[in-house]
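Listed here are the chains, written in short residue letters.
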Amino acid sequence: MRRLVVNGQPLLRKIVEPSTYFAGFWRALEDLSATVAPVAEEQATLFVALDRTFAAFARVARPFIQETIVKS
């Protein structure tokens, strides 16, 4: 672990240089989170439903969907 910390210092110094605007990245990430937070529960519900839908497709993908694509 010590080796990782010692060897990683030059990289970390480079990342936090003012020219990289690293602080701006965190502010932008915070803004993004605030933007999507109001619909997070709805998006989660959407992903659960999509999982169910794609699971159903997976059960019939072979041979039925694959055959339809090949014949088309």
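(A) Region of the structure containing the packing of aromatic side chains. Applying the stated criterion across every chain yields a total of three aromatic pairs. Measuring from centroid to centroid gives 6.1 Å for F22 and F25, while their planes differ by 15°, and the two rings are stacked. Of this pair, F22 and F25 both sit in helix α2 (residues 22–36), three residues apart, which is roughly one turn of the helix. The exposure class of F22 is partly exposed, given its relative accessible area of 32%. A residue is classified by how much of its surface remains accessible, and F25, at 43% relative accessible area, is partly exposed. Linked through ring pairs, F22, F25 and W26 together constitute an aromatic cluster.

(B) Main features of the confidence of the model for the protein chain. Of all residues in the protein chain, 100% attain a pLDDT of 70 or more, and the chain-wide mean is 92. Mean pLDDT across the elements of the protein chain ranges from a minimum in helix α1 (residues 2–15), with 89, to a maximum in α2, with 95.

(C) Structural context of unusual backbone geometry. In this model, R62 is joined to P63 through a cis peptide bond whose omega is 10°. When you line up the elements, P63 lands in helix α3 (residues 40–71).

Quick notes on the rules
- Residues numbered from 1 in each chain as written.
- Predicted model: local features only at pLDDT ≥ 70, side-chain atom pairs only at ≥ 80, totals over all residues.
- Heavy atoms only, no water.
- Phe/Tyr/Trp six-rings, centres within 6.5 Å; stacked < 30°, edge-to-face > 60°.
- Helix = DSSP H or I, 4+ residues; strand = E, 2+ residues; numbered from the N terminus.
- Buried < 20%, exposed > 50% of the residue type's maximum accessible area, 1.4 Å probe, protein only.
- pLDDT = per-residue confidence, 0-100.

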